[in-house]
Amino acid sequence: MQNKSKKQIGKEIILTDKVTKSFGKFQALRGITSKIYEKEVVVIFGPSGSGKSTFIRTINRLEPHDSGQIIVDGIELNDDVKNLQHVRSNVGMVFQQFNLFPHLSVLRNITIAPQKVKGLKRADAEEIAMNLLQRVRIPEQANKFPSQLSGGQQQRLAIARALAMEPKIMLFDEPTSALDPEMIKEVLEVMTELAESGMTMICVTHEMGFAKEVADRFLFFDEGLIVEEGTWDQIFSNPKEERTKLFLSQIL
Amino acid sequence: MNNNNSIKWFFGTFFGSVFNSIVTILSALIFLFLINNIIGFISTSEWEVVTVNRRLLLIGRMPAEHEWRIWSILWITSFLIFSSINSWGSPSKRDLLFISFITLIICLIFTTSSTILYVVISLIICIVSYTVSYFIYKSSYQKYFQNSLKILWILLLPIIFALLLIGDGPSPNLWGGFLLNIILAFIAISFGFPIGIMLALGRASSLPVIKIICIIYIETIRGAPLVAWLLLAWFVLPKFLPTFWGLNEISVVIRAMIVLSAFTSAYTAEVIRGGLQSIPKGQIEAADSLNLNYRTKISLIILPQAIRVVIPALISTFIGVFKDTSLVFILALTDLLQVGRIIPEQDPEFFGKALEALCVVAFLFWTVSISLSNLSKKVEKSLGIGSR
Amino acid sequence: MDLFINKLYIWSRSQKNRNLLIQFFFLIFISLFIYYLFTKAILLDMTLSHFDSRAGFGISHTFIIDYTSNDSRWVSYFTGVINTIRVCIVAILFATLLGTIMGVARLSKNILFSTISYLYVEILRNTPLLIQIIFWQIIFLKLPRISEALTFGNTVVISNRGIILPNASPSDNGNIWITIIIIAVILSLIVSYIINKKEDLDGKNIKLFNFKFNGNMLSILLFFTITITTYFILQKPFNLDLPSLYQNNKGTFVQSGGFEFTPEFGAILFALVMYTGTFITEIVRGSIQSLSKGQTEAAQALGLSNYQTMTLIVLPQALRSIIPPLTNQYLNLTKNSSLSVVIAYPELFMISRTIMNNSGRALPVFFLILITYLSLSLVISIFMNVINRRVTKIGT
C-alpha cells in the first residue's frame, strides 16, 4: 500500500458547477458539481450510461456542456475559441480506442502536435518524443507505424502523445477497456508511474485494483449525478448510498 | 433566452466567418436563380404535348385492342407493390407521404376521359391491398402472406410476359414507351443477377481455366460502353446466331434484352466479387470442417453473407441498369426518352415543346430511381449494414 | 480390366484430378464455342482495309488535326479519338472539382450549403445521363439566335450557335510573360518546399512585419507578385482576339475569331460534369464520414486547429479511400462520353458508327472501338494507380 500521505495535494485546478448535458431527449449529466485539485488522482466509476465519459469529455470541451460552469486552470470553458485553445494545451486525453494517427509513424504521432501547435523545432520535438518513448518503455518502436504495435504498446504510445504537450491535467477515458488482459498491466504500470510523478489525473476505469493503489479520491456516477464520493476506505468499506452498495456488490 | 439563442445560432451557422458568409450568400443566390427559373418555366409552359401523347409515352405504339393487357399488368403490379409495403414492417410517415405523392402524380399522368375508369380501379386496388395487407401483417397469417408475396414477385416476370404474349399479343417490336424501359430493366436484372453470381463464383474459383474465362468475359464487357455493345447486337449478333429456328432473325427488342442481360451480369459479378472478398476466411473454414459439400457451402453460407453485405451496391447497379435502358435509342427502339424527343421534333403541333416533354420523361425515370434508392436505404437500415 | 477400373476410381478420388477433369471439360466446351464463332466469322470480312479509303463525311469539331472529307477513315477515326480525349480530360477535371466541393458541402454545418448539395445529388444522380445531355442541348439552343446574339460590347458572342470567348494570342512579349509565369510557378513551389522544411526543423518563427507567416501563404504571395508586376512591366503582352460578328454580302451572319465553344461540346461537357459530379460527391462524403470520429477528437484534444486537423489528419486518410472508387468514376465518364452520339458531337463512337453505316463491316470496327476504350481505361488506371501509391506512401 503506497504511502499517500507523502503527496502534497495542491490548489483547486478544475471546478465544475451544476454542469448539465443532454443528447436529444436523453440527459447524460444532470448537474455535476465537483472540484479537482492539483496532483490529485481522481477515479470515476459507475454503471454504463451514467455519464462518466460525457463528464470528462466536457472538461476539454469535446462535448460542450449545456448549462453550468466549468473552469479549468482559471479559464472558463465557453464558446471562446482562444480560451479553448489554452485549455486544450493544458489538458491531455487518452481514449479507449487509442485514436492514433495510422498514417504517421510512432515518432511523428508524438511530435506532430508540439511542432504544429507549439512551433517547436524538429530536433527539440524529437528529443522530447524519444524521452517520452523511453518513459513508456517503447523507445525501439520509434520508426514503426501504429498498426505494427500491439494493443498495449499502442495505448502507451497514446499516453506519450498526450504527454508531449506537457499538460497539467491528464484525462483517461477507459484506457484499458479495449485491451487484452495480458496487456492491461503494462498500461496500468505507466499510469501508476505517471500518478507517482505528481500529474493531476482523472480516470474513468473499471480497474479497481489499480484505482485502490493510486487514487486519492473516488467519484461514483449514476444516472448523470455524483451519487457518492470519498477515499477508498470511505466508499468501499462503508458505502452510504443504496445504489453504491448495489453497484459495488456487482463489481467486487 | 430562447429567442437570443436562436438568433445567435442563426448568425453563427450562416455568417460565422468570412468564408461562411460568402458561402451563404452564394448558395442563396443559386437557390433564388434556380427557383426563379423553375417557377417561370412551370407557369408559362403548356403541357398538351404530354397529355395528348400520353399513350405513346407510356406504352409506345401498342395497338389499342391490346390495352387490356397493360391494365391487367398495372393492377397486378400495384397489388404486389402496395401489399409489400405493409408486409415487411410499417412505413414511416415520411415514406407514406412520398408514396402518396408519387401515386397521385402517376394517376394524373394516366388519367384521360377514356381511361378514368381504369385509373379508379387501380386506385381502389392500391388502397384495398394496402389496408388488407396491414391487417394481415398484424394477424397471425403474416408469414403465409409474406411467403406468397415472395412467390408472386418471382413469378411476376413470367406473368407479365404471358399477359403480353398470349392470344396473339402484339409483337415485341411494337412495345415501346415507359413499358419498354421497365420490361427491359426487369429482364436484364432477372437474367443478369443469377448469371452475375455464377460469374463471381467462377472468378473466385481456384480452377485457372474457369477463372480466366470469367475474367475475360467480365473485363471485355466492362471495357466498352453499353451503346457499343447494343450497336454490336444490331449489326453483328444476327450473323452469329444459328440459322435454324429462324433464330438469326429475332427481333431487335430480344437482342437488346440479351445485350442488357450480359452487361448487367458483368457489373453484378464485380459487385458480388467484392462481397465474396469481404467474407472472413473463417466462414469457409467452418463450413469445410462441418463437411458441407460445395453446393451447400456456397448457397447456404457464403452467398447469403456476400450478397447481404453488398445490397446497397447491388441496388445501385440495378438503378443504373434501369437508367441505361434509355440507351436503346441506338437500336431505333422507341423507349420513353425517344418518344419524348421525337414528338416535339416531328409533330408540328408541338414544335418547341421539347423541354416540357423532357421534364415529364425525366420525372418518370427519376421516380423509379429514387424509389429504389429509398428502398435500398431502408433495407440497409433494417439489416444494419452500410455507412452510419 | 478390373485393375483398370480400380485405378480409374482411385485417380478420380483425388481433388486435384477432379479439378483437372472439370477444367478439361470446360476447355472442350469453350473450344467448341470458339470454333462455332470462328466458322461464322470467316464469312465476314474481318480486316480494317476499308479504313484506308476516303472517309467522305465531314466532322464538325476538329482539333489539332486538320481534317477534310478527303482524308482516309483512319484520320477521321483519330479525329474522333482526340475529341473524346478532349472532352474527357476537361470533364474529369471539372467533375472532380465540383464533386469535391459538393462532398465537403454535404458535411458542412451551413444548412443552406448542405441542402444544395443534397438536392444536387438526389436529383441529378437519379436522372439518366442521356436525358441530362439532351437537356443541356435544349438549354444551349434556347440562347438567342445569331441575329440577336448577346455581345456585351464586342467581347463575347453568345448565341444558339455557341459561345465565343475572346481568345488571346501572345505577341513576342506575351511569350516572355508565359515563360515568366512558368518560372514563377516553379520558383514558388521551391520556396514553399524550402520554407516548410525549415519550419519543420526550426519551428514556426518566420516573421514578416511581426506577423507569423505560413510557408504556403508566402509562396502564393510570391507567385502573384512576380506574375502581376512583370505583366505591367512588359508592354502589351497579349493580342486580344475579339470575336466579331458581321453579315456577309449574302446577308447571313458569320462569326469569326475568338475561341469557340459549341452547343454540342457544351452540352456533353456540362452533362458529364454534373452527372459524374454526383457520384464523386458521394464518394468524397462517404470517405470523410467513414473516418472514425475519434481521429478528429484526438487531433482536437491535442490542440490542432480545424485547418490543421483537416489537412494533416483527415484528408490524408480520406484520400486513401477516395482514389479507387474515383478511378472507377473516371472510367465510367470515359465510356459515357460515347453518348454524345445523340447530339452529334463527333467523338470516336459516333464516327465509328458513321463508318459502320457507310461501309457495313461492323465487327472489325467494333474490335477497334473495344481496343481504344480499353487503352483509354488502361491509361487512366495506370495514372491513378501512381497517384494512389504516392498517397498511400505513409508519412507527412
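Everything numeric here is computed off the predicted structure, so don't read it as measured data. (Residues numbered from 1 in each chain as written. Chains lettered and ligands numbered in written order. Predicted model: local features only at pLDDT ≥ 70, side-chain atom pairs only at ≥ 80, totals over all residues. Heavy atoms only, no water.)

Across its full length, chain B carries 18 helices and 0 strands. When its C-alpha atoms are laid out on the principal axes, chain B stretches across 70 × 65 × 50 Å. Across the 388 residues of chain B, 46% fall into the buried class. The long-range share in chain B, meaning contacts at least 24 apart out of those at least 6 apart in sequence, stands at 77%. Roughly 20500 Å² of accessible area belongs to chain B as shown, and the carbon and sulfur atoms make up 70% of that amount. (Helix = DSSP H or I, 4+ residues; strand = E, 2+ residues; numbered from the N terminus. Buried < 20%, exposed > 50% of the residue type's maximum accessible area, 1.4 Å probe, protein only. Contact = heavy atoms within 4.5 Å. Areas by Shrake-Rupley, 256 points an atom, 1.4 Å probe, with all protein chains shown as cover.)

Here we take up the domain arrangement of chain C. What the domain assignment reports for chain C is domain 1 (2–43), domain 2 (73–152 + 262–361 + 373–393) and domain 3 (174–240). Taken over C-alpha atoms, the centre of domain 1 of chain C sits 47 Å from the centre of domain 2 of chain C. (Domains from an automatic or database assignment.)

Considering the arrangement of structural elements, one finds Q23 of chain C in helix 2 (residues 15–42). Taking relative accessible area as the criterion, Q23 of chain C reaches 10% and is therefore assigned buried. A polar contact of 3.0 Å, which involves the side chain of Q23 of chain C, links it to the backbone nitrogen of V209 of chain B. Sequence-distant contacts of Q23 of chain C, defined by excluding residues within four places in its chain, comprise L207, P208 and V209 of chain B. (Polar contact = N/O pair within 3.5 Å; in protein donor to acceptor, adjacent residues only side chain to side chain.)

A word on the sheet that holds strand 3 (residues 41–45) of chain A. All names here are of chain A. Taken together, the 6 strands give an open sheet; going across it, the order is 6-7-8-3-9-10, and neighbouring strands pair in mixed fashion. Since the sheet does not close on itself, it has two edges, and those belong to strand 6 (91–94) and strand 10 (225–230), each with one partner. The average angle at which neighbouring strand axes cross in this sheet is 20°, direction not considered. Sitting on the sheet, helix 1 (residues 52–59) is in contact with strand 3, strand 6, strand 7 (169–173), strand 8 (200–204) and strand 9 (217–222), with an inclination near 150° to strand 7. (Pairing = 2+ DSSP bridges. Axes fitted to C-alpha atoms, helices over the stretch in contact; angles between N-to-C directions.)

Further remarks concern helix 1 (residues 2–13) of chain C. Compared with the 16 Å implied by 1.5 Å per residue over 12 residues, the 17 Å span of helix 1 of chain C between its first and last C-alpha is a close match. Burial of helix 1 of chain C is sparse: only 0 of the 12 residues sit out of reach of the surface. (Expected span 1.5 Å × (residues − 1).)

Bringing the interface of chain B and chain C into the picture now. Residue-level contacts link 55 residues of chain B with 50 residues of chain C. A buried area of about 4700 Å², summed over both sides, lies between chain B and chain C, and 74% of it is on carbon and sulfur atoms. When the buried surface of chain B facing chain C is broken down by residue, F31, F240 and K323 of chain B rank first, second and third, together holding 13% of it. Our count for the contact surface shared by chain B and chain C stands at 1 salt bridge. Of the charged contacts in the structure, one is a salt bridge between E122 of chain C and K377 of chain B, with a shortest N-O distance of 3.9 Å. One can count 7 residue pairs in polar contact (both at pLDDT 80 or more) joining chain B with chain C. (Buried area = accessible area lost by both parts, 1.4 Å probe. Salt bridge = Lys/Arg side-chain N within 4 Å of Asp/Glu carboxyl O.)

With that settled, consider the nonpolar core. Ranked by internal contacts, the top residues of the largest apolar core, which has 136 residues, are W175, I183, W229 and I330 of chain B together with F349 of chain C. A per-element tally of this core places helix 8 (residues 263–290) of chain C first, with 12 residues. The residues contacting I330 of chain B, other than those within four sequence positions of it, are V227, L230 and L231 of chain B together with V341, F349 and R353 of chain C. Residues M170, M199, F247 and L248 of chain A belong to the second largest nonpolar core, which totals 49 residues. (Core = buried A, V, L, I, M, F, W, Y, C linked by side-chain atoms within 4.5 Å.)

When the pLDDT values of chain C are averaged, the result is 79; 79% of them are 70 or greater. Taken over the whole predicted complex, pTM reads 0.78, whereas the ipTM for its chain interfaces reads 0.84. (pLDDT = per-residue confidence, 0-100.)

Adjacent strands of a sheet form backbone hydrogen bonds with each other and so pair up, either parallel or antiparallel. Residue and element names in this part refer to chain A. Pairing is antiparallel in the open sheet, where 4 strands are placed in the order 2-1-4-5. Here the strands that pair on one side only, and so sit at the sheet edges, are strand 2 (26–37) and strand 5 (75–76). Relative to strand 5, strand 4 (residues 67–72) runs antiparallel, the two sharing 2 bridges. Bridge pairing links V72 to I75 in strand 5. This element, helix 1, spans strand 1 (12–23), strand 2 and strand 4 of the sheet and lies at about 60° to strand 2.

Before going further, it helps to examine the environment of L58 of chain B. All names here are of chain B. As for its placement among the helices and strands, L58 is situated in helix 4 (residues 54–59). Assessed through its relative accessible area of 9%, L58 is described here as buried. Distance from L58 to A266, taken between C-alpha atoms, is 30 Å for residues 208 residues apart in sequence.

Here we come to the packing of helix 8 of chain C against helix 10 (residues 306–336) of chain C. Residue and element names in this part refer to chain C. It is the contact of helix 8 with helix 10, at a shortest axis distance of 9 Å, that shows an interaxial angle of 155°. In terms of orientation, helix 8 and helix 10 fall into the roughly antiparallel class. In this structure, the crossing between helix 8 and helix 10 has a hand that is right-handed. Where helix 8 approaches helix 10, its residues L272, Y275, T276, F279, I280, I283, V284, S287 and I288 are matched on the opposing element by V314, A318, S321, I322, P325, L326, Q329, Y330, L333 and N336. (Parallel < 35°, antiparallel > 145°, perpendicular 65-115°, else oblique. Left-handed = near helix turned anticlockwise from the far one by under 90°.)

Before going further, it helps to spend a moment on unusual backbone geometry. Residue and element names in this part refer to chain A. In this model, K18 sits at a positive phi of 50°, which is unusual for a non-glycine residue. Relative to the assigned elements, K18 resides in strand 1. A residue is classified by how much of its surface remains accessible, and K18, at 56% relative accessible area, is exposed.

Time to look at the pairing of strand 10 of chain A. All names here are of chain A. Pairing of strand 9 with strand 10, which is carried by 5 bridges, proceeds in the antiparallel orientation. Directly across from F221, in strand 10, lies its bridge partner I226. Hairpin connection from strand 9 to strand 10: 2 residues lie between these consecutive antiparallel strands, with E223 at a positive phi of about 50°.

Turning next to the pairing of strand 4 of chain A. Residue and element names in this part refer to chain A. Bridge count for strand 1 against strand 4 is 5 bridges, and the pairing is antiparallel. Counted as the bridge partner of D17 is Q69 from strand 4. With antiparallel pairing between neighbouring strands as the criterion, strand 4 and strand 5 make up a hairpin whose turn holds 2 residues, including D73 at a positive phi of roughly 50°.

Here we take up helix 9 (residues 177–204) of chain B. With 28 residues, helix 9 of chain B should cover 40 Å at 1.5 Å per step; its first-to-last C-alpha distance of 40 Å lies within 8% of that length. Most pronounced at G192 of chain B, the bend in helix 9 of chain B amounts to some 30°, and the proline P194 of chain B follows within four residues. (Bend = angle between axes of the 7 residues up to and from the residue.)

A few words on the pattern of salt bridges. All names here are of chain A. Within this structure, the stated rule accounts for 21 salt bridges over all chains. For E223, the salt bridge is made with R243, and the minimal N-O distance between the two is 3.9 Å. Residue E223 is located in the loop between strand 9 and strand 10, and its partner R243 is located in helix 9 (residues 242–251); the two are separated by 20 residues in the primary sequence. By relative accessible area, which is 49% here, E223 ends up partly exposed.

Now for the interface of chain C and chain A. Quoted interface sizes are often the accessible area lost when the parts come together. Counting residues at the interface gives 28 residues for chain C and 29 residues for chain A. With both chains or domains summed, chain C and chain A bury close to 2400 Å², and 56% of this area falls on carbon and sulfur atoms. When residues of chain C are sorted by the area they lose upon contact with chain A, D200, A301 and L302 of chain C head the list and together hold 24% of the total. E297 of chain C is the partner of R57 of chain A in a salt bridge, and the nearest nitrogen-oxygen pair spans 2.6 Å. Breaking the side of chain C that touches chain A down by element, the ones donating at least two residues are helix 6 (172–202), helix 9 (293–301) and helix 10 of chain C. The element that contributes the greatest number of residues to the side of chain C that touches chain A is helix 9 of chain C, accounting for 8 residues. Of the residues in the side of chain C that touches chain A, the class split is 10 nonpolar, 10 polar and 8 charged. (Nonpolar A, V, L, I, M, F, W, Y, C, P; charged D, E, K, R; others polar.)

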